[in-house]
Amino acid sequence: MSGRKASISFEYFPPKTDAGSEKLLTATTPALRALEPEFFSVTYGAGGSTRDTTHGIVSALREQGLTVAPHLSFGGDDAATIGALLDDYKAMGVERLVCLRGDLPSGMGAMRPVYANELVQFVRERTGDHFHIEVAAYPEIHPQAESYSSDIAFLKGKFDAGADRAITQYFYNVESYFYFLDRCSAIGIDKPIIAGVMPIVNFANLQRFSRNCGAEIPRWICQRAEELTSAEDLHKFGVDVVTQLCQTLLESGAPGIHFYTMNQVDPTREIFTNLGL
Ligand code: FAD
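Residues numbered from 1 in each chain as written. Predicted model: local features only at pLDDT ≥ 70, side-chain atom pairs only at ≥ 80, totals over all residues. Heavy atoms only, no water.

J.: Can you help me understand the side chain of histidine 71 in this one?
T.: Mapped onto the fold, histidine 71 is located in strand β3 (residues 68-72). On the basis of relative accessibility, which here comes to 6%, the residue histidine 71 falls in the buried class. At 2.7 Å, the side chain of histidine 71 and the side chain of serine 41 are in polar contact. Excluding its chain neighbours within four sequence positions, the residues that come into contact with histidine 71 are Glu11, Ser41, Val42, Thr43, Tyr44, Val98 and Leu100. (Helix = DSSP H or I, 4+ residues; strand = E, 2+ residues; numbered from the N terminus. Buried < 20%, exposed > 50% of the residue type's maximum accessible area, 1.4 Å probe, protein only. Polar contact = N/O pair within 3.5 Å; in protein donor to acceptor, adjacent residues only side chain to side chain. Contact = heavy atoms within 4.5 Å.)

J.: Explain the site of the ligand here, please?
T.: For the ligand, the set of nearby residues contains 22 residues, the closest of which are Tyr44, Asp103, Tyr138, Asp151 and Lys158. Here an oxygen atom of the ligand and a backbone polar atom of glycine 102 are 3.4 Å apart. Interatomic distance of 3.2 Å between a backbone N/O atom of alanine 145 and an oxygen atom of the ligand. Burial of the ligand by the protein amounts to 85% of the accessible area it has alone, namely 970 Å². The set of elements that each furnish at least two residues to the shell around the ligand consists of α4 (116-127), α5 (148-160) and β6 (165-168). Among the elements that line the shell around the ligand, the one with the most residues is α5, at 3 residues. Looking at side-chain class alone, the shell around the ligand contains 10 nonpolar, 8 polar and 4 charged residues. (Near = heavy atom within 4 Å. Areas by Shrake-Rupley, 256 points an atom, 1.4 Å probe, with all protein chains shown as cover. Nonpolar A, V, L, I, M, F, W, Y, C, P; charged D, E, K, R; others polar.)

J.: How should the environment of phenylalanine 159 be read in this particular structure?
T.: Within the secondary structure, phenylalanine 159 is located in helix α5. The spatial distance from the C-alpha of phenylalanine 159 to the C-alpha of asparagine 117 is 7.8 Å, given a sequence separation of 42 residues. Not counting residues up to four positions away in its chain, the partners in contact with phenylalanine 159 are Asp164, Arg165, Ala166, Ile189, Lys191 and Pro192.

J.: I tried to follow the side chain of histidine 142 on my own but got confused; where do I start?
T.: Mapped onto the elements, histidine 142 comes out in the loop between β5 (132-137) and α5. Its relative accessible area of 16% is what places histidine 142 among the buried residues. Sequence-distant contacts of histidine 142, that is, excluding residues within four places in its chain, are made with Arg101 and Asp151.

J.: Looking at this structure, I do not really get the pattern of salt bridges. What am I missing?
T.: Taken as a whole and judged by the stated rule, the model has 13 salt bridges. In this structure, the salt-bridge partner of aspartate 103 is arginine 101, at a minimum N-O distance of 3.1 Å. Taking relative accessible area as the criterion, aspartate 103 reaches 54% and is therefore assigned exposed. Between arginine 165 and glutamate 134 there is a salt bridge; the shortest N-O distance is 3.1 Å. Of this pair, arginine 165 sits in strand β6 while glutamate 134 sits in strand β5, placing them 31 residues apart in sequence. Accessibility assignment for this pair places arginine 165 and glutamate 134 in one class, buried. Among the charged side chains, a salt-bridge network with shared partners connects Glu38, Arg96, Glu134 and Arg165. (Salt bridge = Lys/Arg side-chain N within 4 Å of Asp/Glu carboxyl O.)

J.: Would you mind going over the sheet that holds β6 with me for this structure?
T.: Backbone-to-backbone hydrogen bonds join strands into a sheet, with any given pair of strands oriented parallel or antiparallel. Taken in spatial order, the 8 strands line up as β1-β2-β3-β4-β5-β6-β7-β8 and close into a barrel, and their pairing is parallel. Mean inter-strand twist for the sheet, computed between neighbouring axes without regard to direction, equals 25°. Both strand β4 (residues 96-99) and β5 contribute to a ladder of 4 bridges, which runs parallel. Counterpart to arginine 96 in the pairing with β5 is histidine 132. Lying on the sheet, α4 is in contact with β3, β4 and β5; it crosses β4 at an angle near 150°. (Pairing = 2+ DSSP bridges. Axes fitted to C-alpha atoms, helices over the stretch in contact; angles between N-to-C directions.)

J.: How should I be thinking about the nonpolar core in this particular structure?
T.: One broad trend across soluble globular proteins is that nonpolar side chains are buried collectively. Formed by 84 residues in total, the largest nonpolar core has its most connected members in Leu61, Leu155, Tyr172, Ile193, Leu249 and Phe259. Those residues in contact with leucine 155, other than ones at most four positions away along the chain, are Val135, Ala136, Ala137, Ala166, Phe180, Cys184, Ile189 and Ile193. (Core = buried A, V, L, I, M, F, W, Y, C linked by side-chain atoms within 4.5 Å.)

J.: How should I be thinking about the pairing of β5 in this particular structure?
T.: For a regular strand, side-chain orientation follows a simple rule: the groups alternate between the two sheet faces. Taken across its 6 residues, β5 has 5 buried, putting it largely inside the fold. In the sheet, β5 pairs with β6 via 4 bridges, with the strands oriented parallel. Note on β6: the bridge partner recorded for glutamate 134 is arginine 165. Crossover connection from β5 via α5 to parallel β6: handedness right-handed. (Right-handed = clockwise from strand over helix to strand, strands pointing away.)

J.: I tried to follow the packing of aromatic side chains on my own but got confused; where do I start?
T.: Aromatic rings considered in pairs are described by the distance between their centres and by the relative angle of their planes. Enumeration according to the criterion identifies 13 aromatic pairs in this entry. Ring centres of phenylalanine 171 and tyrosine 177 lie 5.2 Å apart, and the angle between their planes is 10°; on these two criteria the pair is classed as stacked. No difference in accessibility class separates phenylalanine 171 from tyrosine 177, as the two residues are buried. Judged by centre distance (4.9 Å) and plane angle (75°), the ring pair of tyrosine 177 and phenylalanine 178 falls under edge-to-face. Since its relative accessible area comes to 0%, tyrosine 177 is described here as buried. Through successive ring pairs, a cluster of aromatic residues spans Phe10, Tyr12, Phe40, Phe259 and Phe272. (Phe/Tyr/Trp six-rings, centres within 6.5 Å; stacked < 30°, edge-to-face > 60°.)

Given below as structure tokens:
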């Protein structure tokens, strides 16, 4: 185990193809494992769209002896389906979960979503203290939130239901994170809130995705990225920006960093090297 103070974790999404899974398990994972993360997490498509592929990657990572946190949400599923999945994860030796409401797939929009606090409560009622539960937090506030204050009150609801830690949506405005920590502390949240960090892999995709999830890319980053025409320069700029962000986070006492790796070794590994982690 690494002697570093901050918790470091890596997020994967389940690849759509067998070749993608093979690469993730045999090339990406050994390289990222060498960086000694606390755990790997694997995303889950709400509504069960990735139920089998998430399960498959979680199972393969467990076979490699890794600590894995599957993401989980009800989506449109019933309690029996989610309960069976929990039992299965438990039997596999999984001890961590990332519990989410998720976004209902189109066509299911009329259904009442099962909020993350309700899922946390369900997991606690069914499995007691077996799982270490992570939930999501939004320093720049969830796009559907009624207000800043209601969103952090709902985050507190997730902790009150039994969550152990939160991982944030990614952000590039570091002040939003530290202000958020202060506001959370002011309403009595005393559990760690880990900073989610998105290395810049594909800038056009990042811009599109950020519009949907309510993460702001500062104007100066967009302006500079727009004038960098070579992939190499853009890559280097992205690594520099995110290294600086991580450095500020760690120096200012963030309890940990969760990397949204996008299933890539670099730039996460380069950022690690720059930080001397
Ligand atoms: P909630 O905490 O339930 O909140 C959703 C919204 O409803 C917020 O606006 C909140 O203010 C409000 N709210 C919360 N509780 C209540 C309540 N009890 N009553 C009324 N309103 C309420 N998406 C995926 O599809 N798959 C993934 O694997 C995935 N992993 C993620 C991991 C992390 C660390 C993060 C930060 C996000 C992830 N997402 C994932 C995205 C996430 O699913 C979406 O942001 C989703 O819209 C909200 O999920 P949540 O768990 O934060 O929801």
